Amino acid sequence: DRDAPCVSRAADVADQAFYCPSGDAVVWDADGLIPKVEREDGATAVLVVLAHEIGHAVQTRLGVDELQARQPARYPTILLEAMADCYAGVALAHFAQQPPPGLSVGTDQAVAALIAFRDPLGVSPRDSAAHGNAFDRVSAFQDGYDGSATSCSGMTTASHPFTQRAFGSATDKARHGNLPPDQLLEGVEASAPAFFTGVAASAGATGWQAPSLGPAAAGCAVAAQGPAAWCGRGEPVVVDRPALAALEEKFGDYAGATLVADRYGLAVLDALGRPVTGSAAGAAATCLAGAYTGGLFTAGDALTLSPGDLDEAVQVLLEQDWADRDAKGAADAAEHGYERIDHFRTGVFGGAKACL
């Protein structure tokens, strides 16, 4: 539409949706963007895209635009975008309770939309156009969905820390932040046992040593648990290496590392005398995988996070229930990707204590 506000020609709207403050209007590409979003991620995803833009309208009404002009350090672009994602979460929670006629609201579709609109790999959080990586965007959405509009308006970079990061080296950028499967497993084996041994000791299981990575024991139901498995006390955490390589091909290397760390979480639960079967075990193990991941932000040289790693974790948690499976390979059918990501996020930000 040549008369769309804030643009001089129709091409400026191609594949876009945005809020125009001067016209107090949400503008979107009805021919390209909206059909594409609905085709790829469903009607709920369309609702998320538009609710995000209306979130910017809420910010304007609250005077946040003016505050950003006066205090740019307090209101970086990435924070304003997170607030809008948070408001979208509030809107989706409302529609989940009171669905519009003919629309079934699904949180996993909402998460898929946020993943699709994440920043390109390696964008600095200080970039003036930064919107956030998938993990940050989903986190903000969950703050709104599980909270309230007040959660969004009061958001700060301290209350909502951002995990997005630029590449730390040309080498990491050249390989898109991914390690070959064998090198990835070497890094996990060099860092995970020490981390999880420390978790167990802090929770009272002194003297316990986390398992190593190794071949499957006889009778170990590796396939039932997924690409990684823990097969009981005294047994190693085992990995289906071809499956891990396939995960890296689809999502990136840290998708596999997330699942390996998750199985270490089961071993810790066992060391503490807690159940390793049932839905609570799967949720706690996923949370502990998040705690391990959060620890990698300040880890040494054994394994460090690259741009995209947390997004890869979000993607595998959304699409597969492997992390939620207990020691027998059973998962809670009532839990979906949204809940798995929420468990993981609790560990990333709250540490192991939040999981136990």
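Everything quoted here is computed from the prediction, not taken from an experiment.

Undergrad: Can you walk me through the pairing of strand β2 (residues 25–28) in this structure?
TA: In regular strands, side chains alternate between the two faces of the sheet. As judged from the four bridges shared by strand β1 (residues 17–20) and β2, these two strands associate in the antiparallel manner. From the neighbouring strand, A17 faces β2, where its bridge partner is W28.

Undergrad: Which parts of the structure should I look at to understand helix α5 (residues 107–116)?
TA: α5 sits mainly inside the fold: seven of its 10 residues count as buried. On the buried face of α5, the contacting elements are α1 (33–41), α2 (43–61), α4 (77–97), α6 (134–145), α14 (309–319) and α15 (337–350).

Undergrad: Looking at this model, I keep getting lost on the nonpolar core. Mind explaining?
TA: For soluble globular proteins, the rule of thumb is that nonpolar side chains tend to be buried together. One finds F196, V260 and Y292 to be the most contacted residues of the largest nonpolar core, which totals 72 residues. Take this core: its biggest share by element is 11 residues, from helix α12 (residues 253–271). Ignoring anything within four residues of it in the chain, the contact list for V260 reads L185, V188, L213, A228, V237 and V239.

Undergrad: Please clarify how the confidence of the model for the protein chain should be interpreted in this entry.
TA: Caution is warranted with low-pLDDT regions, since their predicted coordinates should not be read in detail. Per-residue confidence for the protein chain gives a mean pLDDT of 92, with 97% of residues at or over 70. No element of the protein chain has a lower mean pLDDT than helix α10 (residues 222–225), which averages 84, and none a higher one than helix α16 (residues 352–355), which averages 98.

Undergrad: Where do I start with the layout of surface pockets in this structure?
TA: Empty space among the atoms can be located by rolling a probe the size of a water molecule over them. One number sums up the size of the largest pocket: a volume of about 440 Å³. Lining the largest pocket are 23 residues, and of these D15, L33, A116, F117 and R137 lie nearest its centre. Residue assignment for the lining of the largest pocket shows that the elements contributing at least two residues are α1, α2 and α5. With five residues, α1 is the single largest residue contributor to the lining of the largest pocket. Of the residues contributing to the lining of the largest pocket, the split by class is 11 nonpolar, three polar and nine charged. Put simply, the second largest pocket is a space of about 330 Å³. Lining the second largest pocket are 23 residues, with D172, R175, T304, L305 and S306 sitting closest to its centre. Elements that contribute at least two residues to the lining of the second largest pocket include exactly α9 (181–202) and α12. Residue contributions to the lining of the second largest pocket peak at four residues, all from α9.

Undergrad: In this structure, what is going on with empty space enclosed by the protein? I would like to understand it.
TA: By the definition in use, this model includes one cavity of 30 Å³ or more. In terms of lining, the largest cavity is formed by N133, T163, Q164, R165, F297, L305, S306, P307, G308, D309, L310 and D311. Across the lining of the largest cavity, the residue classes tally to four nonpolar, five polar and three charged.

Undergrad: For this particular structure, what's the right way to read the state of the cysteines?
TA: Note: disulfide means a covalent bond formed between the sulfur atoms of two cysteine side chains. Using the criterion set out here, one finds three disulfides in the structure. Here C6 engages in a disulfide with C20; their sulfurs sit 1.9 Å apart. Disulfide C6 to C20: torsion about the S-S bond roughly 70°, handedness right-handed. Taken as a pair, C6 in the segment before β1 and C20 in strand β1 lie far apart in primary sequence, 14 residues in all. When its relative accessible area of 0% is taken as the criterion, C20 is described as buried.

Undergrad: Quick question: what am I supposed to make of the pattern of salt bridges here?
TA: Two side chains bearing opposite charge may form a pair once their charged atoms approach each other closely. The full count for this structure, using the stated rule, is 11 salt bridges. Across the pair R175 and D172 runs a salt bridge whose closest N-O atoms are separated by 3.6 Å. Taking relative accessible area as the criterion, R175 reaches 35% and is therefore assigned partly exposed. What makes D172 buried here is its relative accessible area of 8%.

Undergrad: Any chance you could explain the packing of α2 against α5 here in plain terms?
TA: Relative orientation and spacing of two packed helices are given, respectively, by the angle between their axes and the distance between those axes. Running from N to C, α2 and α5 point in directions that differ by 55°, and their axes come no closer than 8 Å. For the element pair α2 / α5, the angle class is oblique. The chirality of how α2 crosses α5 is right-handed. Note on element contacts: α5 touches α2 through Q109, A110, A113 and L114, opposite A43, T44, A45 and V48. Along the lines of polarity and charge, the residues of the contact of α2 with α5 split into six nonpolar, two polar and no charged.

Undergrad: Explanation requested: the side chain of T44 in the structure shown.
TA: Mapping T44 onto the fold places it in helix α2. Accessibility expressed as a relative area gives 0% for T44, which makes it buried. In this structure the side chain of T44 is engaged in a polar contact, spanning 3.1 Å, whose partner is the backbone nitrogen of G106. The contacts of T44, once residues within four sequence positions are left out, are L92, L103, S104, V105, G106, Q109 and A110.

Undergrad: Please clarify how the environment of G226 should be interpreted in this entry.
TA: The topology assignment puts G226 in the loop between α10 and β3 (228–230). Sequence separation between G226 and R325 is 99 residues; the distance between their C-alpha atoms is 8.3 Å. Ignoring anything within four residues of it in the chain, the contact list for G226 reads W322 and R325.

Undergrad: Sorry if this is basic, but what is going on with the pairing of β1 here?
TA: Going residue by residue along β1, you find A17 and Y19 tucked away on one face and F18 and C20 tucked away on the opposite face as well. Between the antiparallel neighbours β1 and β2 lie four residues, among them D24 with a positive phi of about 45°.

Undergrad: Would you take a moment to explain the packing of aromatic side chains for this structure?
TA: The relative placement of two aromatic rings is captured by the distance of their centres and the angle of their planes. Inspection of every chain in the model, using the stated rule, returns eight aromatic pairs. Here the aromatic rings of F141 and Y145 are separated by 5.9 Å at their centres, their planes lie at 25°, and the arrangement is stacked. Here the residue F141 and the residue Y145 both occupy positions in helix α6, the gap between them amounting to four residues, near one helical turn. With a relative accessible area of 0%, F141 lands in the buried category. Through successive ring pairs, a cluster of aromatic residues spans F195, F196, Y264 and Y292. The lysine or arginine in question, R74, covers the ring of Y75, its NZ or CZ lying 4.1 Å from the ring centre.

What counts, and at which threshold
Residues numbered from 1 in each chain as written. Predicted model: local features only at pLDDT ≥ 70, side-chain atom pairs only at ≥ 80, totals over all residues. Heavy atoms only, no water. Pairing = 2+ DSSP bridges. Helix = DSSP H or I, 4+ residues; strand = E, 2+ residues; numbered from the N terminus. Buried < 20%, exposed > 50% of the residue type's maximum accessible area, 1.4 Å probe, protein only. Contact = heavy atoms within 4.5 Å. Core = buried A, V, L, I, M, F, W, Y, C linked by side-chain atoms within 4.5 Å. pLDDT = per-residue confidence, 0-100. 1 Å grid on protein atoms, 1.4 Å probe; cavity = no way out; pocket = protein on both sides within 12 Å on 5 of 7 lines; lining within 4 Å. Points joined across faces, edges and corners; volume = space filled by probe spheres on them. Nonpolar A, V, L, I, M, F, W, Y, C, P; charged D, E, K, R; others polar. Disulfide = S-S within 2.5 Å. Salt bridge = Lys/Arg side-chain N within 4 Å of Asp/Glu carboxyl O. Axes fitted to C-alpha atoms, helices over the stretch in contact; angles between N-to-C directions. Parallel < 35°, antiparallel > 145°, perpendicular 65-115°, else oblique. Left-handed = near helix turned anticlockwise from the far one by under 90°. Polar contact = N/O pair within 3.5 Å; in protein donor to acceptor, adjacent residues only side chain to side chain. Phe/Tyr/Trp six-rings, centres within 6.5 Å; stacked < 30°, edge-to-face > 60°. Lys NZ or Arg CZ within 6 Å of the ring centre and 35° of its normal.

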